[in-house]
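# Descriptive structure summary
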Amino acid sequence: MSQQGYVATPPYSQSQPGMGLSSPYYGHYGDPSHGTSAPGIMKPSGPLGATVPGGLLPPGSLPPGPPQTGPNGAHSPQRFPGPPPVSNMAPSYTPGQPPPQSSHPSPGSTWSATQLGSQFSSMQINSYGVAMTPSSQGPSGPPSAASFQGPPRAPQPSILQPGSQTLPPPPTTLNGPGANPMSSPIHGQDGLPGPTPLNAQYKPPPPPGQTLGTGYSPQQANYGPQMAGAQLSYPGGFPGGPAQMAGPPPQHQKKLDPDSIPSPIQVIENDRATRGGQVYTTNTRGQVPPLVTTDCVIQDQGNASPRYIRCTTYCFPCSSDTAKQAQIPLAAVIKPFAAVPSNETPLYLVNHGESGPVRCNRCKAYMCPFMQFIEGGRRYQCGFCNCVNDVPPFYFQHLDHIGRRLDQYEKPELSLGSYEYVATLDYCRKNKPPNPPAFIFMIDVSYSNIKNGLVKLICEELKTVLEKLPKEEQEETSAVRVGFITYNKVLHFFNVKSNLAQAQMMVVTDVSEVFVPLLDGFLVNYQESQSVIHNLLDQIPEMFADSNENETVFAPVIQAGMEALKAAECPGKLFVFHSSLPTAEAPGKLKNRDDKKLINTDKEKILFQPQTNVYESLAKDCVANSCSVTLFLFPSQYVDVASLGLIPLLTGGTLYKYNNFQMHLDSHQFLNDLRNDIEKKIGFDAIMRVRTSTGFRATDFFGGIFMNNTTDVEMAAIDCDKAITVEFKHDDKLSEDSGALIQCAVLYTTIGGQRRLRIHNLGLNCSSQLTDLYKSCETDSLINFFAKSAFKAVLNQPLKVIREILVNQTAHMLACYRKNCASPSAASQLILPDSMKVLPVYMNCLLKNCVLLSRPEISTDERTYQRQLVMTMGVADSQLFFYPQLLPIHTLDVKSTVLPPAVRCSESRLSEEGIFLLANGLNIFLWLGVSSPPELIQGIFNVPSFAHINTDMTLLPEVGSPHSEQLRMIMSIIQEKKPYTMKLVIVKQREQREMTFRQFLVEDKGLYGGSSYVDFLCCVHKEICQLLN
């Protein structure tokens, strides 16, 4: 993030008495100076209550909290003033279960169950936002039968009809609690009863030596007294399960119907029903495309396909003041090389010969549909900077009666949103045509890799994958040259020249100053040297069979590969197969610094930072020499992914990680990843520039990129799975007439060695009305942006500050909508814009991700790995990663070829008789209920019963039964087009592994902190009410 930050301050966000919400910060992401206490957090005006024996609070006293924590790990516990004490409070974890970590007491863990029930008993989700207002309410009784009764019915995401209202409108409204007129409400400043507060729960005193946090603000909050209401039981699973509430359940209370709150599944299904299978044409500026989860055919008619660019909103506010008021980030997620399905047209290639592309003289934008031709076609006005340019003579064409060129529909650059140009020599390094790229394979031959068979596996597989090196579509063979290096604490280069009888090995022992011992014969054409290469690959495992060397180097290996590419004057990619912490004496030597004591402290960020600056400067050199690095890691213990992983991240490569690799279990996943990585569509030596029309500009870039200046995004390589997220800021006013135009240009070298320009253009609307801005939002892109900006900030800010900023901004965006766009209604209602009704559930998934919230069973390396993956994800991948797909398998129709309808990610959706599949892009879990039908178990696993299933398997057996075939087909559909091969994990109900599986049921309360969806919705509602007061 730039120092500007994206958290702006709307007029109503100033701290007011009794509000206690820290005002949003400018530049807080990426500014380490704000580690300890957030500005704007109210200090209490009175002393904190002392702890009381027995865990109960006397009336009026306030519980001390652990330092600087609050709902959702937020950093100001005093934001939600506490309610009168409830006599039957118990800790929100069962005895015998570890308490949730204090770094992130979720709103769930700070509520008593009774209060949660009463909040929801009067929280209706209705059609208009005209629900029960506190003043007009009748005597409160149990909730109406229409509200909470009976078994879950078909999900109706945003409408829970109070009484007889049944018209579903655009906005979603969740009614907050009203007061019970039978008892006198305790009034806040404005005298209006408000929602039940969140932190009613007793919290244990802080450990000795720690100071208290800033505390709860002592004045009375504006809330009504307790009402009888629906009891929300936590979906905690089996008797005594970790997530169950302690204490006897209150009598005669009905459960809250989770179908009454917005459902991501319903939103996805509705979009599929209305837009799935149709042709989506891009001829209209500012139209919102189908969701990433909807399959449709995209037809380019002047704006780039959403496969290439998706925006957080398709209507930008006209002024920066409006943008600050709404606080909706203005951003685009750009995937310049996205794969296009076979039923859509590939990009056209435009070749203007030596003249090269036609460009604006002032801003250098490329010719595109946004240019306006004038004066009979002799000149054109640039749509980006409004400069009037002469049309080059070779490009002249007459205009028709409405001012369009006669050849408009014959030229891709005048009629399409995306196309390519052949680049001239001016666009090449040293003004000469580039050489085709090279692939260098670098294998760690240390003792453990030889012993576990990994080296042999890699060598065998390379014989196969080298036959499938990528090539230009019209070419017979691949132009890619290949080279081979093995290493432990020294490096071995191989001469595989085609005229040799067998490969020659040269050893470089001085790893402090690596040089390339041979040029001729190191990088060769695979077809020509095939027999020498195969011979070498057969020899490598034997050559090092007796080696006892367990120490390895890493940075010198990358240096050697880069130097080889530099000497050959070609771009390329290193495929590095590595398995341990590089502890041998050499540049980039690392020590084990995995310190669990740093977790939940302000120093936790150190775990995400590289240990030494060697890796960053090495990555910078790699980018300068167009050397991309893809790293296959096989760690059995800590390997410092934060340091090693920096190289693939900054060079446009990919990091793959296989923990505790076992040949018979993990080779399938690894080999698939290797094959896909070698074959995928890729561009080398790339520079990307994002141009915009006047009034706004690109200010921040997130992704696997390197930037030497503020505008040029440099990538040693970029493939079809990598996305760059770009944030925009106003620098002037935008006009509703001309809209906001974006042009993304990527200059790159193809796999065949041709220099090209890939252009993507997109026109967005502009409006001075906030309503238009909210109507055009896309939640999936917003979450992609928030995840990347938060994960970037992890490097230099305390996690609790980051979590607080995210909660703050969610509340601000929704409060602004409520204040300026929703029809007037009771202050206690939560009203969500239709385009953002699942923003709270997705935001809660992000807040609970292990990067932002540590969990005891997740290693530091795993957290760093997930952080890195998300930084390069496109919208479809981040959507699945944060809200996994959960499919019931036991209800399958074996004759059907479509996926079964997904269900919500909550334990309440599982059943003991069921079998469910959960996929998140990294793993596929197959969960088996204890009473799964024996015929299904026989059909899938070829064993007689549940007890006989082997949970170690990572591949389903080929049984040949209809159920088996069906399940395998479903898994292959889910795996299709995903950047990583998902590892299959078999999970039996009530066995140890189920704990891991349950972390992915993201609508439920986390086992180690992290709110349930229901609780987070209440938390956000609470914040909004405070902002609006």
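Look above for the structure.
Every chain begins its residue count from 1, and numbering advances along the sequence as written. At least 70 in pLDDT is required for a residue's local features to be given in this predicted model, at least 80 for side-chain atom pairs to be given and counted, and no such filter applies to totals for whole chains, interfaces and linings, which use all residues. Just so you know, side-chain values use all the structure's heavy atoms and leave hydrogens and water out.

## So, the packing of helix H14 (residues 779-793) against helix H18 (residues 875-882)
In the contact formed by H14 and H18, the axes pass within 9 Å of each other and the chain directions differ by 80 degrees. Judged by the angle between their axes, H14 and H18 are roughly perpendicular. Between H14, through Asp780, Ser781, Ile783, Asn784, Ala787 and Phe791, and H18, the contact on the second element is made entirely by Val875, Ser878, Gln879 and Phe882. Lines fitted to C-alpha atoms define the axes here, with helix axes fitted over just the stretch in contact, and angles between the N-to-C directions of these axes take values from 0 to 180 degrees. Going along the chain from the N terminus, every DSSP run of H or I of four or more residues is numbered as a helix, and every run of E of two or more is numbered as a strand. In these notes the angle categories are as follows: under 35 degrees is roughly parallel, over 145 is roughly antiparallel, 65 to 115 is roughly perpendicular, and the rest is oblique. In what follows, a contact means two residues having at least one pair of non-hydrogen atoms within 4.5 Å.

## Focus on the sheet that holds strand E30 (residues 923-928)
For two strands to be treated as a pair, DSSP must find no fewer than two bridges joining them. Read from one edge to the other, the open sheet built from 4 strands follows the order E28-E29-E30-E31, with strand pairing classed as mixed. This sheet does not close on itself; its edge strands, each paired only once, are strand E28 (885-888) and strand E31 (983-988). The sheet shows a mean angle of 20 degrees between the axes of neighbouring strands, direction not considered. Pairing of E28 with strand E29 (residues 915-919), which is carried by 4 bridges, proceeds in the antiparallel orientation. Along E29, the bridge assignment pairs Pro888 with Phe916.

## Here we look at the environment of Gly286
Relative to the helices and strands, Gly286 resides in the loop between strand E3 (279-281) and strand E4 (297-299). Separated by 480 residues in the primary sequence, Gly286 and Cys766 place their C-alpha atoms 8.4 Å from one another. Excluding its chain neighbours within four sequence positions, the residues that come into contact with Gly286 are Tyr314, Gly763, Leu764 and Asn765.

## A closer look at helix H17 (residues 860-871)
With 12 residues, H17 ought to run about 16 Å at 1.5 Å a step, and its terminal C-alpha atoms sit 17 Å apart, in line with that. Exposure classes here rest on a 1.4 Å probe applied to the protein chains alone. A residue is buried below 20% of its type maximum, exposed above 50%, and partly exposed in between. Most of H17 sits inside the fold, with 12 of its 12 residues counted as buried. Within H17, burial applies to Thr860, Asp861, Glu862, Arg863, Thr864, Tyr865, Gln866, Arg867, Gln868, Leu869, Val870 and Met871. Expected span, for any helix, means 1.5 Å times one less than how many residues it has.

## Examining the side chain of Thr651
Mapped onto the fold, Thr651 is located in the loop between helix H11 (646-650) and strand E20 (655-657). A polar contact is formed between the side chain of Thr651 and the backbone nitrogen of Val629, at a distance of 3.1 Å. Residues within four places of Thr651 in sequence aside, it is in contact with Ala619, Cys622, Val623, Cys627, Ser628, Val629, Ala716 and Ala717. Throughout this description, a polar contact denotes any pair of N or O atoms lying within 3.5 Å of each other; where both atoms belong to protein, one of them has to be capable of donating a hydrogen while the other can accept it, and for residues adjacent in sequence the pair is counted only when both atoms sit in side chains.

## Thoughts on the pattern of salt bridges
Here, a salt bridge means any side-chain nitrogen of Lys or Arg that lies within 4 Å of a carboxyl oxygen of Asp or Glu. Scanning all chains against the criterion turns up 39 salt bridges. Lys800 serves as the salt-bridge partner of Asp602, at 3.6 Å between the closest nitrogen and oxygen. Of this pair, Asp602 sits in the loop between strand E18 (572-578) and helix H9 (614-624) while Lys800 sits in helix H15 (residues 799-820), and the two are 198 residues apart along the sequence. A relative accessible area of 24% places Asp602 in the partly exposed class. Linking Arg998 and Glu907 is a salt bridge whose minimum nitrogen-to-oxygen distance equals 3.1 Å. Of this pair, Arg998 sits in helix H21 (residues 994-998) while Glu907 is found in the loop between E28 and E29, placing the two residues 91 residues apart along the sequence. With a relative accessible area of 9%, Glu907 lands in the buried category. Each of Lys573, Asp677, Lys680, Asp719, Asp721 and Lys722 takes part in a single network of salt bridges with overlapping partners.

## Structural notes on the pairing of strand E14 (residues 481-487)
Burial analysis of E14 places 6 of its 7 residues in the buried class, which makes it a mostly covered element. Summarising the sheet, strand E13 (residues 438-444) and E14 pair through 7 bridges and their orientation is parallel. Bridged to Ala438 within E14 is Arg481. With 3 bridges connecting them, E14 and strand E15 (residues 491-495) associate as antiparallel partners. Across the sheet, residue Ile485 finds its bridge partner in E15, namely Phe493. Linking E14 to E15, which pair antiparallel, is a turn of 3 residues.

## Overview of the packing of aromatic side chains
One pair of aromatic rings is described through two measures. These are the centre distance and the angle between the planes. Between the rings of Phe, Tyr and Trp (Trp by its six-membered ring), a pair exists once the centres lie within 6.5 Å; its type follows the angle of the planes, with under 30 degrees stacked, over 60 edge-to-face, and the other angles tilted. Scanning the entire structure with this criterion turns up 35 aromatic pairs. Measuring from centroid to centroid gives 5.6 Å for Phe632 and Phe670, while their planes differ by 80 degrees, and the two rings are edge-to-face. Of this pair, Phe632 sits in strand E19 (residues 627-633) while Phe670 sits in helix H12 (residues 663-679); the two residues are 38 residues apart in sequence, bridging distant segments of the chain. Of the two residues, Phe632 and Phe670, neither departs from the other in class, the shared state being buried. Centroid distance Tyr658 to Phe670: 5.6 Å. Interplanar angle 75 degrees. Geometry classified as edge-to-face. One end of the pair, Tyr658, is in the loop between E20 and H12; the other, Phe670, is in helix H12, with 12 residues separating them in the sequence. Take Tyr658: its relative accessible area is 2%, and that puts it in the buried class. One aromatic cluster is present, built from ring pairs that chain together Phe577, Phe632, Phe634, Tyr656, Tyr658, Phe661, Phe670 and Tyr980. Two limits define a charge over a ring: the Lys NZ or Arg CZ must be within 6 Å of the ring centre, and within 35 degrees of the ring normal. The ring of Phe373 has Arg405 lying over it, and the distance from NZ or CZ to the ring centre is 4.9 Å. Sitting over the face of the ring of Tyr395, Arg405 holds its NZ or CZ atom 4.4 Å from the ring centroid.

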